[in-house]
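Spelled out, the chains give:
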Number of protein chains: 2
Amino acid sequence: MSGRVTVLTGGVGGAKLVLGLLQVCAPKNITAIVNTGDDFQHLGLSISPDIDTLLYTLSGKANKAQGWGREGETWTFMEALKSLAGEDWFLLGDGDMALHVLRPSLRASGQPLSGVTAHFAASWGLGLNMLPMSDDPVATHIMTDQGELRFQRYFVEQRCAPAVRAIRFAGAEAARPAPGVIDAIRDPETRTIVIAPSNPWLSIDPILAVPGIREALAAASAPVIAMSPIVGGQAVKGPTAKLMGELGLAISNEVIANQYAGIVDGLIVDERDGAEGLAIPHAVTDTLMKTLGDRVRVARAALDLALRLA
Amino acid sequence: MSGRVTVLTGGVGGAKLVLGLLQVCAPKNITAIVNTGDDFQHLGLSISPDIDTLLYTLSGKANKAQGWGREGETWTFMEALKSLAGEDWFLLGDGDMALHVLRPSLRASGQPLSGVTAHFAASWGLGLNMLPMSDDPVATHIMTDQGELRFQRYFVEQRCAPAVRAIRFAGAEAARPAPGVIDAIRDPETRTIVIAPSNPWLSIDPILAVPGIREALAAASAPVIAMSPIVGGQAVKGPTAKLMGELGLAISNEVIANQYAGIVDGLIVDERDGAEGLAIPHAVTDTLMKTLGDRVRVARAALDLALRLA
């Protein structure tokens, strides 16, 4: 595959897709633009859940069974923290702490989040370009029937139990795309732009809320292919289906296509759902990504559809 | 033993003495005033080596073999930190990180170091009063033949190799004794004030450099008993003997007595050195503290000498 590929991604599902892309494209030709709306400060540490998940997944360090954190993690810090009555609603593995401690330390020395992210990716031998959507803080806030919650409070502490009324991205209006983000979308060498099968409202919308990114996607010469997160009328994991219901949306690929209207040229849908009546150009495949082979198949489906639409 | 006991202490040696005192005095009657000149910020974390050593030793969590850190410690954080090219000259165990992360987090929420220290001690069921010498920053700087070094750079990174020319305590002139420090020295209920067998220049001098503490000791109604750190013409551990040589001092109890002149009423010396020619009131015992029984013996020797001098 020649040409460059740009991916907009959240955490777990997007990381699987990027891993698939890395099997079929040269790493240096891949740019991942990562959601940072879930980033938060906790106990003075800086946690970037989606960047961290990409770092762990792409370097082979991810815990495959639990879907977050590191394989072979230890929990000595957390036990000691509990013994000191420290806040324990967010689990911090001992190895995971290295990213969370070094990130604010490097930022305090003057490096932007993008520089820190590039340093981490390079330290672990990742050849792709991994960019936060912005070096400026953008915080996803969930308006629920139990009040407004920061994303991690909703997602981790409350386990997505509160009913969602609306979502806002605090700070987005003043945020600038991180260096390289707009270039990766506009670059004439970019042959395909992929929106990962991440949650459109929680993981992709924060990226689109950064001024300039939506406009760049709409004007991009490369086809923009979105991967639907719906499989068999449900979301694969996470709160997508529950959230769509609470927002009054049908759980269908039409709704996904509508959500991305104006920026997306094609949609990859799962074979369980089919594409009857879907007006947008599309391709149908098995989008479940359990094995590395699955990830390669799904990545190829996106690249092939882009080639067809170019 | 009735009455209150106040101890001025550094880390390892002092912690052993305090553990001995806890066997013969009610914990609530013991106040430990702890050196914070070695405290430093590292990777955004707040490390108080002497307070931490007391917390671990008195709660039974200390690693007995290595003399610092926790028993059963794990090192997953440190391995991950190295993989990210983080600074690795100072070893941070996974469990140890809980104190270092929570301390700045609680301080950022408005608690002074003394409040944080009391919270940690109470969380681990320690009944004594553990006070930092000051809530204000005081930093021990070592002037060496290789330039001026922060204490941990000299002690840990350089392993005390540079020759010491002088020592200064940055910030001391503006520091105030932590709440309770002066009271613990002046309190008419205080029957004995003990200076632990810590390094007089590196661990006790920073405490004495906080304005008001030396004066309070000189004026105290309770006898002030210093424990000599010299055993058999050498220091038990750490850089005391090397440092004394570099400062042009003989390694003798006369020098120790002279160092504490004006504030100390009596000296506990080791039986290997004896006390011939020692002008200050003194008692002789085996001051090596290998077992809990040793610690009790040494603690009793200090209390007995104070009783004799009262």
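Given the structure is predicted, the values throughout are model-derived calculations rather than measurements.

Peer 1: Even after reading the chapter, I still don't get the overall build of chain A, so can you show me in this structure?
Peer 2: Helix and strand counts for chain A come out as 12 helices and 14 strands. On C-alpha atoms alone, chain A measures out to a radius of gyration of 19 Å, which is about the 19 Å that the 2.2 N^0.38 rule sets for 310 residues. For chain A, the spread of C-alpha atoms along the three principal axes comes to 60 × 40 × 40 Å. Across the 310 residues of chain A, 59% fall into the buried class. Taking the intrachain contacts of chain A between residues at least 6 apart in sequence as the baseline, contacts between residues at least 24 apart amount to 69%. Element-wise, carbon and sulfur atoms account for 51% of the exposed surface of chain A, whose accessible area totals about 11,800 Å².

Peer 1: Even after reading the chapter, I still don't get the interface of chain B and chain A, so can you show me in this structure?
Peer 2: The parts lose accessible area when they come together, and the size of an interface is often stated as this lost area. Listed per partner, the contact involves 25 residues of chain B and 25 residues of chain A. Per-residue buried area on chain B facing chain A is highest for L84, V101 and L102 of chain B; these three make up 27% of the total on that side. Along the contact surface separating chain B from chain A lie 0 salt bridges. Per-element accounting of the side of chain B that touches chain A gives the leading share, 6 residues, to helix α4 (residues 97-108) of chain B.

Peer 1: What is the right way to look at the sheet that holds strand β2 (residues 30-34) of chain B in this model?
Peer 2: Across a sheet, paired strands are connected by hydrogen bonds in the backbone, their directions being either parallel or antiparallel. Residue and element names in this part refer to chain B. The strand order across the open sheet built from 7 strands is β5-β2-β1-β9-β10-β13-β14, with neighbouring strands paired in parallel fashion. Edge positions in the sheet fall to β5 (129-132) and β14 (282-285), since each of these pairs with one other strand and no more. Averaged over neighbouring strand pairs, the angle between their axes works out to 20° when direction is ignored. Pairing analysis gives 4 bridges linking β2 to β5, with the strands arranged parallel.

Peer 1: Even after reading the chapter, I still don't get the relation of the copies chain B and chain A, so can you show me in this structure?
Peer 2: Superposition of the two copies of the chain requires a rotation about an axis and a shift along the axis. It takes a turn of 180° to lay chain B on chain A, together with a shift of 0.0 Å along the axis; the resulting RMSD is 0.0 Å. Viewed as a symmetry operation, the transformation between the two copies matches a two-fold axis. Across chain B, the rotation axis passes nearest the C-alpha of D94 of chain B, at a separation of 2.9 Å. Mapped onto chain A, 100% of the interface residues of chain B again fall at the interface, so both copies present the same surface.

Peer 1: Help me understand the nonpolar core in this model?
Peer 2: One broad trend across soluble globular proteins is that nonpolar side chains are buried collectively. Ranked by internal contacts, the top residues of the largest apolar core, which has 119 residues, are L17 and M130 of chain A together with L17 and M130 of chain B. Setting aside residues up to four positions removed in sequence, L17 of chain A forms contacts with V7, V194, A196, P197, M227, M289, V298 and A299 of chain A.

Peer 1: How should the pairing of strand β9 (residues 190-195) of chain B be read in this particular structure?
Peer 2: Look at any regular strand and the pattern is simple: side chains alternate between the two faces of the sheet. All names here are of chain B. Most of β9 is tucked away: 5 of the 6 residues are buried. Strand direction decides the pairing type here: strand β1 (residues 4-9) and β9, joined by 5 bridges, are parallel. Looking at β9, one finds that V7 is bridged to V194.

Peer 1: Is there a simple way to think about the confidence of the model for chain A in this case?
Peer 2: Low-pLDDT stretches of the model should not have their predicted coordinates read in fine detail. Residues of chain A with pLDDT of at least 70 account for 98%, and the chain-wide mean is 95. Under the prediction, the complex receives an ipTM of 0.92, its pTM being 0.93.

Peer 1: Mind showing me how you'd approach helix α2 (residues 49-58) of chain B here?
Peer 2: At 3.6 residues per turn, the α-helix brings residues three or four places apart onto the same side. Residue and element names in this part refer to chain B. For α2, the buried fraction is high: 10 of the 10 residues fall into the buried class. Of the positions making up α2, those classed as buried are P49, D50, I51, D52, T53, L54, L55, Y56, T57 and L58. Of the residues trailing α2, G60 is marked for its positive phi of about 75°.

Definitions and cut-offs
- Residues numbered from 1 in each chain as written.
- Chains lettered and ligands numbered in written order.
- Predicted model: local features only at pLDDT ≥ 70, side-chain atom pairs only at ≥ 80, totals over all residues.
- Heavy atoms only, no water.
- Helix = DSSP H or I, 4+ residues; strand = E, 2+ residues; numbered from the N terminus.
- Rg over C-alpha atoms; globule rule 2.2 N^0.38 Å.
- Buried < 20%, exposed > 50% of the residue type's maximum accessible area, 1.4 Å probe, protein only.
- Contact = heavy atoms within 4.5 Å.
- Areas by Shrake-Rupley, 256 points an atom, 1.4 Å probe, with all protein chains shown as cover.
- Buried area = accessible area lost by both parts, 1.4 Å probe.
- Salt bridge = Lys/Arg side-chain N within 4 Å of Asp/Glu carboxyl O.
- Pairing = 2+ DSSP bridges.
- Axes fitted to C-alpha atoms, helices over the stretch in contact; angles between N-to-C directions.
- Least-squares fit on C-alpha atoms with pLDDT ≥ 70 in both.
- Core = buried A, V, L, I, M, F, W, Y, C linked by side-chain atoms within 4.5 Å.
- pLDDT = per-residue confidence, 0-100.

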